[in-house]
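Structural overview for review
Each chain is listed here by its residues.
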Amino acid sequence: MESLYHIYKRRGYTRRDFLTSAIAISTALGLPSSLLPKVVKALEVKPKPVVIWLEFQDCAGCTESFIRSTSILPTDVLLDYLSLEYHETLMSPSGFYAEESKREAMEKYRGKYVLVVEGSVSPKDKGVYCTVAGKSNVDLLREAVEGAGLIVAVGSCASWGGIPHAYPNPTGALSVSEVLKGKQVVNIPGCPPIGDVMVSVIANYVITGKAPELDSMGRPKTFYGQTIHDRCYRRPFYNAGRFANSLDDEGAKKGYCLYKLGCKGPITRNACATIRWNGGLSFPIQSGHPCFGCSEPDFWDRGMLYTPLSVVSGRFGIREALVGVAVGTAVGVGVAYMNKKSRGGK
Ligand code: SF4
Ligand code: SF4
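Right, let's walk through the structure included here. (Residues numbered from 1 in each chain as written. Chains lettered and ligands numbered in written order. Predicted model: local features only at pLDDT ≥ 70, side-chain atom pairs only at ≥ 80, totals over all residues. Heavy atoms only, no water.)

Time to look at the sheet that holds strand E7 (residues 186–188). With parallel pairing, the five strands of this open sheet are ordered in space as E2-E1-E3-E6-E7. Taken across any chain shown, the strands that pair with only one partner, and hence form the sheet edges, are strand E2 (83–87) and E7. Averaged over all pairs of adjacent strands, the angle between their axes in this sheet comes to 25°, without regard to strand direction. Pairing between strand E3 (residues 113–118) and strand E6 (residues 148–154): six bridges, direction parallel. In the sheet register, Glu118 faces E6, and the bridge partner there is Val154. The strands that helix H6 (residues 95–108) touches are strand E1 (50–55), E2 and E3; relative to E2, the one it contacts most, it runs at about 130°. (Pairing = 2+ DSSP bridges. Helix = DSSP H or I, 4+ residues; strand = E, 2+ residues; numbered from the N terminus. Axes fitted to C-alpha atoms, helices over the stretch in contact; angles between N-to-C directions. Contact = heavy atoms within 4.5 Å.)

Spelled out as structure tokens, the structure:
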């Protein structure tokens, strides 16, 4: 099977283009520059990754984000690079032929393939609320996990249960790691997650043969080690106490901090403020909209999307520090702690 370098060559790209992508992957993964020659070597010779992508209770938004990842690999290279053996939205076979190609791939690449899961899992009532080809989603998941070299849960639905898990959770939706207790699952939350992050985690597996370093909630530390607030370019306004009070007032036009409009950046771990979206073009806060905190557990149930954190936290019994700059930080620490506890993190 071809390596990334061979695909670049076949598609008419130059070696410089290939090296630019290798550097982008290495940078995104936070690897030291001394390791760059090893990254280049691995991408020159290691065969492209085999991916089996299952969709359960999802909206396919994570897939949409994935195929629009352009900063690291051009889209045509990306789709050529991944050996997508099964993906209901992107594959051309359907029905019996689709299921047969998945079965063959699971046998042929046993122990080596990357299993990506998009959407939450519904074990309630024997999994009857989410079935594919007559099998329950739980059975399909367990069957695919058996031979997987790496299990990746993409999106907040697969990582935490997401919107299907929101109250009253009629299908009993769970995250992938709740169903696969004891197995290592790489969580890439976000609704949807950033495409470049998903691509980088798969590229990391090609290069190192293992998962990236994870935090206590299964998220890659490189991408989820900081909050949006930690890296937000509006932070100087927050520190100076300059806030927009509506989406179109003078403060908003001057680019002031969106905290009072409900920004959840202080409690949200993700790389939106650094990697950004659409080839690094922008992210919600840069477009003038507060962060909803979509990559944190239960963001939908907490609701009050446009309500400041200091008020939202009151619903959960967290003691509030209601004045000035300290508000966001105090609430951030409290809610982040609550997120960890609710998901069994340390
Ligand atoms: S995480 Fe969001 S974008 Fe992804 S499947 Fe769930 S609802 Fe859709
Ligand atoms: S509260 Fe939101 S807009 Fe303000 S600095 Fe923090 S992340 Fe940026």
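Moving on to the site of ligand 1. With respect to spatial proximity, the complete set of residues near ligand 1 consists of Asp58, Cys59, Gly61, Cys62, Gly155, Ser156, Cys157, Gly190, Cys191 and Pro192. The set of elements that each furnish at least two residues to the shell around ligand 1 consists of helix H4 (61–67) and helix H9 (155–160). At three residues, the largest contribution of residues to the shell around ligand 1 is made by H9. Classifying every residue of the shell around ligand 1 gives five nonpolar, four polar and one charged. (Near = heavy atom within 4 Å. Nonpolar A, V, L, I, M, F, W, Y, C, P; charged D, E, K, R; others polar.)

Glancing now at helix H8 (residues 137–145). Within H8, the full set of buried residues consists of Asn137, Val138, Leu140, Leu141, Ala144 and Val145. The arc that holds every buried residue of H8, seen down its axis, measures 165°, which confines them to one face. (Buried < 20%, exposed > 50% of the residue type's maximum accessible area, 1.4 Å probe, protein only. Arc of directions from axis to C-beta.)

Counting 59 residues, the largest nonpolar core has Leu4, Ile25, Leu43, Phe66, Leu73, Val152 and Ile188 as its most contacted members. In terms of residue count, the dominant contributor to this core is helix H11 (residues 195–208) (nine residues). Apart from residues lying up to four places away in sequence, Ile188 is in contact with Val152, Ala153, Val154, Gly155, Ser159, Pro193, Val197, Met198, Val201 and Tyr224. Judged by nonpolar contacts, the second largest core, of 29 residues, contains Met91, Cys130, Leu141 and Val176. (Core = buried A, V, L, I, M, F, W, Y, C linked by side-chain atoms within 4.5 Å.)

Remember that the coordinates give geometry; whether it matters functionally is a separate question.
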